[in-house]
Amino acid sequence: MKKSLINAINSISSTEEMNQAITLINAKQKQLRSLKARSVKSTLSVGSKVKVNGSRNGVQFGEVTKINRTKAVVRIDGHLWNCPLTIIEAA
């Protein structure tokens, strides 16, 4: 973590400033996730082979069967999974 970021956090002196910082961080996080999802979506098409980086099942490989606005339906070992675009990579 950058030292300037740590200093900025340490300079927060009220709950109101903390709430504003949290709101800004959440907005930035949403923007970054949207950018990643958009870039993944542009590289995918139905039938694409993908790698899914799930938290519970680890890395799995599958095939895209449908692409929605924020998620894609991926066939993994004969089962269909509705996966967020942010955890999918082209294989």
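Residues numbered from 1 in each chain as written. Predicted model: local features only at pLDDT ≥ 70, side-chain atom pairs only at ≥ 80, totals over all residues. Heavy atoms only, no water.

A closer look at the environment of K49
Stage number 1. Residue position: K49 is located in strand β1 (residues 49-54).
Stage number 2. Along the chain, K49 and G62 lie 13 residues apart, while their C-alpha atoms are 5.8 Å from each other.
Stage number 3. Reaching out from K49, the side chain makes a polar contact with the side chain of E63 at a distance of 3.1 Å. (Helix = DSSP H or I, 4+ residues; strand = E, 2+ residues; numbered from the N terminus. Polar contact = N/O pair within 3.5 Å; in protein donor to acceptor, adjacent residues only side chain to side chain.)

A look at the environment of D77
Stage number 1. Mapped onto the elements of the fold, D77 is located in the loop between β3 (71-76) and β4 (79-84).
Stage number 2. The class of D77 is exposed, set by a relative accessible area of 70%.
Stage number 3. Each C-alpha atom of the pair D77 and K30 lies 31 Å from the other, and the pair is 47 residues apart in sequence. (Buried < 20%, exposed > 50% of the residue type's maximum accessible area, 1.4 Å probe, protein only.)

Quick word on the confidence of the model for the protein
Stage number 1. Mean pLDDT over the protein works out to 92, with 100% of the residues at or above the 70 mark.
Stage number 2. When pLDDT is averaged over each element of the protein, β3 comes out on top at 95 and helix α1 (residues 3-10) at the bottom at 88. (pLDDT = per-residue confidence, 0-100.)

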